[in-house]
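One letter stands for each residue in the lines below.
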Amino acid sequence: MARVAIVTGGTRGIGAAISIALHKAGYKVAANYAGNDERAAAFTKETGIAAFKWDVADYEACVKGVGEVVAKLGPVDILINNAGITRDATLKKQTRAQWDEVIDTNLGGVFNMCKAVWDGMLERSFGRIVNIGSINGQAGQYGQVNYAAAKSGIHGFTKALAQEGAPKGITVNAIAPGYIDTDMVAAVPANVLEKIVARIPVGRLGKAEEIARGVAFLVADDAGFVTGSTMSINGGQHMY
Ligand code: CAA
């Protein structure tokens, strides 16, 4: 039986590439999305991957959404926490609402989704969770105290939950993407982005498929000894 995977934010950007890669690898994929119905419908039409709408920042919505996926596709063995937003502004200009939105979606969403699938993974003694962090959670980024804090939180969350999952057959890992060619990065002012790309040793933005490649490795049945790790996929921009 094909394993079932949920990819949050799975109809656009890095998430879409992950959904497609897992679908091609033979998994049954549920691509979650929060708002863009038009894009989600087009994505399902193009790929045949089912899209499910709920807001990862809303705990009850996550529990209900996972229930719908289980009813339609079966028990969830794989969770990719990819959904994320930016509200970039220097601390001087950043509002409390911009802080809350990013923390609630990017970090709160990881808690909500893990809670919603965790008991089922424990019962079946199998699980694969991959949390999408960021180079900016590792190294910080001017104008991103909210995003860097949330992504850094994801890296800590991953290492803590990996310890709880390890004796139960559940692995929990993170991927820290660098600057990837998506709508999110396209929103960075051109003059700023130019300077960032100049600091990437590989000399270009990454491709969403290059993140999906790492996810496919981490979710495989035979990746059971890899847990609590952070895979940096950033063109050499930040190494440690
Ligand atoms: N380091 C030091 N100083 C910087 C700086 C930096 N990296 N970036 C800007 N500044 C300085 C500017 O030179 C300017 O200085 P002066 O006032 O002396 O001229 C000052 O800060 C204000 O700069 P801006 O005009 O850009 O200020 P702003 O308020 O209009 O915009 C900003 C600030 C929103 C942070 C904008 O610079 C920006 O969008 N930066 C990009 C942030 C970024 O990289 N976001 C990543 C998004 S993609 C992502 O997050 C995915 C992922 O995981 C990698």
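Our subject is the structure that appears above.
Since this is a predicted model, take the numbers as computed values, not measurements.

**Side note on the packing of aromatic side chains**
Then step 1. The tally for this structure, following the rule as stated, stands at zero aromatic pairs.
Then step 2. Here Arg3 stacks its cationic end above the ring of Phe126, 3.6 Å away from the centre of that ring.

**Quick notes on the pattern of salt bridges**
Close approach of charged atoms lets side chains of opposite charge pair.
Then step 1. According to the stated counting rule, one finds ten salt bridges in the structure shown.
Then step 2. The partner of Glu68 in a salt bridge is Lys64, and the shortest N-O contact between them spans 3.7 Å. With Glu68 and Lys64 both in helix 3 (residues 59-73) and four residues apart, this pair spans about one turn of that helix.
Then step 3. Among the ionic pairs, Arg124 bridges to Asp77, the shortest N-O distance being 3.2 Å. Placement of the pair is Arg124 in helix 4 (residues 96-124) and Asp77 in strand 4 (residues 76-81), with a sequence separation of 47 residues.

**Some thoughts on the pairing of strand 1 (residues 4-7)**
Then step 1. Because side chains alternate across strand 1, one face comprises the buried residues Val4 and Ile6, and the other comprises Ala5 and Val7, equally buried.
Then step 2. Relative to strand 2 (residues 28-33), strand 1 runs parallel, the two sharing four bridges. Counterpart to Val4 in the pairing with strand 2 is Lys28.
Then step 3. Viewed along the sheet, the connection from strand 1 through helix 1 (residues 13-24) into strand 2 turns out right-handed.

**Description of the site of the ligand**
Then step 1. Surrounding the ligand, one finds 19 residues, the nearest of these being Asp88, Lys93, Ser134, Tyr142 and Tyr147.
Then step 2. Side-chain polar atom of Ser134 to an oxygen atom of the ligand: 2.6 Å apart, as the coordinates give it.
Then step 3. Separating an oxygen atom of the ligand from a side-chain N or O atom of Tyr142 is a distance of 2.4 Å.
Then step 4. Bound to the protein, the ligand loses 57% of the 1,100 Å² it would expose on its own.
Then step 5. Split into classes, the residues belonging to the shell around the ligand amount to ten nonpolar, seven polar and two charged.

**Examining the nonpolar core**
Then step 1. Membership of the largest hydrophobic core comes to 27 residues, with the highest contact counts inside it found for Ile6, Trp54, Val69, Leu79, Met113 and Ile129.
Then step 2. Top contributing element to this core by residue count: helix 4, with six residues.
Then step 3. If we ignore the near neighbours within four places in the chain, the residues touching Ile6 are Ala30, Trp54, Val66, Val69, Val76, Ile78, Leu79, Ile80 and Met113.

**Observations concerning the side chain of His155**
Then step 1. Relative to the helices and strands, His155 resides in helix 6 (residues 145-165).
Then step 2. By relative accessible area, His155 is classed as buried at 8%.
Then step 3. Residues within four places of His155 in sequence aside, it is in contact with Gly133, Ser134, Gly137, Gln138, Ala174, Ile175, Ala176 and Thr230.

**Structural notes on the packing of helix 1 against helix 9 (residues 208-219)**
Then step 1. The geometry of helix 1 relative to helix 9 is characterised by a closest axis approach of 8 Å and an angle of 50° between their N-to-C directions. Accordingly, the angle class assigned to the pair helix 1 and helix 9 is oblique. Handedness of the helix 1/helix 9 crossing: right-handed. Residues Gly13, Ile14, Ala17, Ile18, Ala21 and Leu22 of helix 1 form the contact with helix 9, whose participating residues are Ala208, Glu209, Ile211, Ala212, Val215, Ala216 and Val219.
Then step 2. Within the contact of helix 1 with helix 9, the residues separate by chemical class into eleven nonpolar, one polar and one charged.

**Quick word on the sheet that holds strand 3 (residues 50-53)**
Then step 1. Ordered by their spatial adjacency, seven strands build an open sheet running 3-2-1-4-5-6-7, and the pairing between neighbours is parallel. In this open sheet, the two strands that pair with only one neighbour each are strand 3 and strand 7 (230-233). Taking each pair of neighbouring strands and ignoring which way they run, the sheet shows an average axis angle of 20°.

Criteria and cut-off values
- Each chain carries its own residue numbering, running from 1 in the direction its sequence is written.
- Under the rules for a predicted model, residues below a pLDDT of 70 receive no local features and side-chain atom pairs below 80 are neither given nor counted, while totals for whole chains, interfaces and linings still include all residues.
- Hydrogens and water are ignored here; the side-chain numbers use all heavy atoms of the structure.
- Two rings belonging to Phe, Tyr or Trp (six-membered ring only in the last case) form a pair when the distance between their centres is within 6.5 Å. Interplanar angles under 30 degrees mark stacking, angles over 60 mark edge-to-face geometry, and anything in between is tilted.
- Sitting over a ring, as applied to charges here, requires NZ of Lys or CZ of Arg to be within 6 Å of the ring centre and within 35 degrees of the ring normal.
- The salt bridge definition used is simple: a Lys or Arg side-chain nitrogen within 4 Å of an Asp or Glu carboxyl oxygen.
- To qualify as a helix, a DSSP run of H or I must reach at least 4 residues; to qualify as a strand, a run of E must reach at least 2; elements of each kind are numbered from the N terminus.
- A simple rule labels every residue: compare its accessible area, found with a 1.4 Å probe on the protein chains alone, to the largest value its type can have, and call it buried under 20%, exposed over 50%, or partly exposed in between.
- Here, strands pair whenever DSSP counts at least two bridges between them.
- When the strands point away from the viewer, a crossover counts as right-handed if the path from the first strand over the helix to the second runs clockwise.
- Near, as used in this document, describes a residue that has one of its heavy atoms within 4 Å of the molecule or strand being considered.
- Under the rule applied, a polar contact is a pair of N or O atoms within 3.5 Å (in protein, one hydrogen donor and one hydrogen acceptor; residues adjacent in sequence only if both atoms are side-chain atoms).
- For the area figures, the Shrake-Rupley method with a 1.4 Å probe applies, and any residue is considered shielded solely by the protein chains shown.
- Under the scheme applied here, ten amino acids are nonpolar (Ala, Val, Leu, Ile, Met, Phe, Trp, Tyr, Cys and Pro), four are charged (Asp, Glu, Lys and Arg), and all others, including Gly, are polar.
- Buried Ala, Val, Leu, Ile, Met, Phe, Trp, Tyr and Cys residues that are joined via side-chain atoms within 4.5 Å together make up what is termed a nonpolar core.
- Residue contacts are counted whenever heavy atoms from the two residues lie within 4.5 Å of one another.
- Simply put, an axis is a line fit to the C-alpha atoms, just over the touching stretch for a helix, and the angle between two N-to-C directions goes from 0 to 180 degrees.
- Roughly parallel here means an angle under 35 degrees, roughly antiparallel means over 145, roughly perpendicular means 65 to 115, and every remaining angle is called oblique.
- Crossing handedness is defined as follows: a turn of the near helix away from the far one that is anticlockwise and smaller than a right angle gives a left-handed crossing, while the clockwise case is right-handed.

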